[in-house]
Amino acid sequence: MGPGSDADLIAVSLQNPSAFGELYDRHAAMILRYLVRRVGPTAGEQLLGDTFRVGFERRSSFDPAHESARPWLYGIATNLVRRHRRAEDRRVRATARLAGRRESPAGEDEQAIAATDARALLPAVADAVLALPEADRETLLLFAWEDLSYEEIAVALEIPAGTVRSRLNRARRTLRQLLAPPTRSQPSVAEIAPGGTRDG
Amino acid sequence: MDELDLVRKIAPDDEPDDFVLERGRADLASFLRGWQQRTGGAEPLRPWRMTAPGRVADQALLDVIEHEGYVVLEDALAPATVESVREALSPHLGAGPFGRNEFEGFHTKRVYSLPAKSRAFDPLIEDESVLAVAETMLGPNFLLTAALAIEIGPGETAQGLHYDEAFYSLPRPRPPVSLSTLWAIDDFTAENGGTLLVPGSHRWGDEMPSPRPEVVPLEMSAGSVALYPGTLWHAGGANVSDERRLGVSIQYVVSWARQQESYLLAIPPKAAREVSPRLRQLLGYSIGPAFMGHVDGRHPEKLVRADR
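Residues numbered from 1 in each chain as written. Chains lettered and ligands numbered in written order. Predicted model: local features only at pLDDT ≥ 70, side-chain atom pairs only at ≥ 80, totals over all residues.

Some points on the overall build of chain B
Stage number 1. Looking only at helices and strands, chain B features 10 helices and 10 strands.
Stage number 2. The burial tally for chain B puts 40% of its 308 residues in the buried class.
Stage number 3. Sequence separation of 24 or more characterises 79% of the internal contacts of chain B that already satisfy a separation of 6 or more. (Helix = DSSP H or I, 4+ residues; strand = E, 2+ residues; numbered from the N terminus. Buried ≥ 20, exposed ≤ 12 C-beta atoms within 10 Å, placed from the backbone. Contact = placed C-beta atoms within 7 Å.)

Concerning helix H3 (residues 70-81) of chain A
All names here are of chain A.
Stage number 1. Across its 12 residues, H3 extends 16 Å between first and last C-alpha, which sits within 8% of the 16 Å expected from 1.5 Å per residue.
Stage number 2. Judged by how many residues are buried, H3 sits mostly within the fold: 11 of 12 residues are covered.
Stage number 3. Within the span of H3, buried status applies to Pro71, Trp72, Leu73, Tyr74, Gly75, Ile76, Ala77, Thr78, Asn79, Leu80 and Val81.
Stage number 4. Turning to H3, the residues buried within the fold contact helix H2 (20-57), helix H4 (85-101), helix H6 (134-144) and helix H7 (150-157). (Expected span 1.5 Å × (residues − 1).)

Quick notes on the environment of B:Asn239
Residue and element names in this part refer to chain B.
Stage number 1. By secondary structure assignment, the location of Asn239 is in the loop between strand E9 (234-235) and strand E10 (245-253).
Stage number 2. In this structure Asn239 comes out as buried when scored by C-beta crowding, with 25 C-beta atoms within 10 Å.
Stage number 3. When the C-alpha atoms of Asn239 and Ala190 are compared, they prove to be 8.2 Å apart, with 49 residues separating the residues in sequence.
Stage number 4. Excluding anything up to four places from it in sequence, Asn239 contacts Ile152, Gly153, Pro154, Gly155, Glu156, Asn192, Gly193 and Arg245.

A few points about unusual backbone geometry
Residues and elements named next belong to chain B.
Stage number 1. A cis amide bond links Arg172 with the next residue in sequence, Pro173, at an omega value of -5°.
Stage number 2. Assignment of secondary structure puts Pro173 in the loop between strand E4 (143-152) and strand E5 (178-184).
Stage number 3. A positive phi angle, close to 50°, is found at Asp75, a residue other than glycine.
Stage number 4. Along the chain, the position of Asp75 falls in the loop between strand E2 (71-74) and helix H4 (79-95).
Stage number 5. Judged by the 14 C-beta atoms lying within 10 Å of it, Asp75 is partly exposed.

Side note on the environment of A:Ala161
Residues and elements named next belong to chain A.
Stage number 1. Among the secondary structure elements, Ala161 is positioned in helix H8 (residues 161-179).
Stage number 2. The spatial distance from the C-alpha of Ala161 to the C-alpha of Ser149 is 9.6 Å, given a sequence separation of 12 residues.
Stage number 3. When sequence neighbours within four positions are dropped, the list of residues in contact with Ala161 reads Tyr150, Glu151 and Ala154.

Overview of the sheet that holds strand E7 (residues 216-217) of chain B
All names here are of chain B.
Stage number 1. One open sheet accounts for 3 strands, arranged E7-E6-E9; its pairing is antiparallel. The outermost strands of the open sheet, each flanked by one partner alone, are E7 and E9.
Stage number 2. Note: strand E6 (residues 196-197) against E7, 2 bridges, orientation antiparallel. What sits directly across from Leu196, in E7, is Pro217. (Pairing = 2+ DSSP bridges.)

Here we look at the interface of chain A and chain B
Stage number 1. Across the boundary between the two partners, chain A contributes 49 residues, which contact 34 residues of chain B.
Stage number 2. Among the elements of the structure, helix H1 (6-15), H2, H4, helix H5 (110-131), H6 and H8 of chain A are those that each provide at least two residues to the side of chain A that touches chain B.
Stage number 3. Considering every element that reaches the side of chain A that touches chain B, the biggest residue donor is H2(A), with 19 residues.
Stage number 4. In the side of chain A that touches chain B, the residues fall into 28 nonpolar, 9 polar and 12 charged. (Nonpolar A, V, L, I, M, F, W, Y, C, P; charged D, E, K, R; others polar.)

Let's talk about the nonpolar core
Stage number 1. In terms of nonpolar packing, the biggest core is built from 64 residues, with B:Trp183, B:Leu197, B:Ala226 and B:Leu227 touching the most fellow members.
Stage number 2. Once residues lying within four places of it in the same chain are set aside, the contact partners of B:Trp183 are B:Leu77, B:Leu124, B:Val225, B:Gly247, B:Val248 and B:Ile250.
Stage number 3. Counting residues in hydrophobic clusters, the runner-up holds 56 residues, among them A:Leu47, A:Leu48, A:Leu142 and A:Ala154. (Core = buried A, V, L, I, M, F, W, Y, C linked by C-beta atoms within 7 Å.)

Regarding the pairing of E5(B)
Residues and elements named next belong to chain B.
Stage number 1. Among the 7 residues in E5, 7 count as buried, and that is most of the element.
Stage number 2. Burial along E5 is two-sided: the residues Ser178, Ser180, Leu182 and Ala184 and Leu179, Thr181 and Trp183 are all buried.
Stage number 3. As defined by bridge partners, E5 adjoins E10 across 7 bridges and the pair is classed as antiparallel. Each residue of the ladder has a partner; that of Ala184, found in E10, is Gly247.

Honestly, that's just the spatial picture; any functional story needs more than this.
Here it is, written out as structure tokens:
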């Protein structure tokens, strides 16, 4: 672990709280983008402050074996998002609607048709993602939106890497049914919503 | 295009707002300065989760409560005891009404006055570890003031922040006059209504929690108990899970304060004969220094015995 790693910084902040501010400078932009994606700008800004305050209060529980605090901060932010389900529902549905309405690329080749089909699916994708059990949805979004690795998600959510894998597989299987419907009509959310399965 | 591409397409792609980031940085700096001033920079003791220490109040345990405002004792109850508590509550919860106002919760059921209903709750009320902490915190001859079960149902919203002894109109900051304990009969999670605690708020003076204070959801497995002084700000959490969450709140108070529940009416002398002498003391069949609680100049215990 080199000098100036996040772990060093957190260790210094145990005695000298202001050092924790440096951790904000390193990671706040990324955490803010994640929070805004999930709950919108208003709740996102609130939760950004909460994430770093909660992180500070819990900094002695940070595992210094991890050089980067990035997954740990994602974990705190994800926990805080859980109390903002309504904001998240609104946010994701609105984005899907907008993305669905964006102008189609010109042409009628296979690619353009496929792109148009995919856009038409987006509101249903949003519904399906929102209908996933919370644990599966968090895992999926950290992977697909935030590009966290399995190992980083495991650290963030404090679960074994195997559980990350099984949650992702389950979420992707659910969503895949959207892409290969038996007919061209879209499956309804009721058909693709999972049956409330949860990790044990 | 696979399903992950579709999920990526519904991600809002706003760039982080520099102004928001700067404001957040200034807020954090001010929070860190305030924290340093409040605590003198001392690091809170860890761990705040401990195993039940037994008869004597462990100094480390008291230190954690002093620093953090709460402590969780894990595995304080045997699974069989947890189940007997659940069984004893089930007829009352099945029949019982939901709350009457936002504080009680329209999706929440409460069963009050537990020692009048079953002996199954006595191991919780008379838990040695808890009583040792209460004795140290509240002094001798402390009393039981509330014993109720709280079942938070799916869809319940978070309670307003409060502290349990707010109705004793004594200026703050000050030492607590009561000790609250919260026993997990179901696992407490952030999703199912795990109590939201404001760490360190037991030291507050007249401060009120900000609209979005730093709260910690109380997460603990069934059979664990959380202890916190009656001065700590907290709120019942929202239950966004699809299951009910059962907990038992047992609260103790200094010998000179009025109890919330009128136990001498709920458990009159004849019924009091059936409970342990320790529980009788806690209910109020006892004398606080020098003669608080006497009956016609006599110790109330004599009334219990005379009623044979």
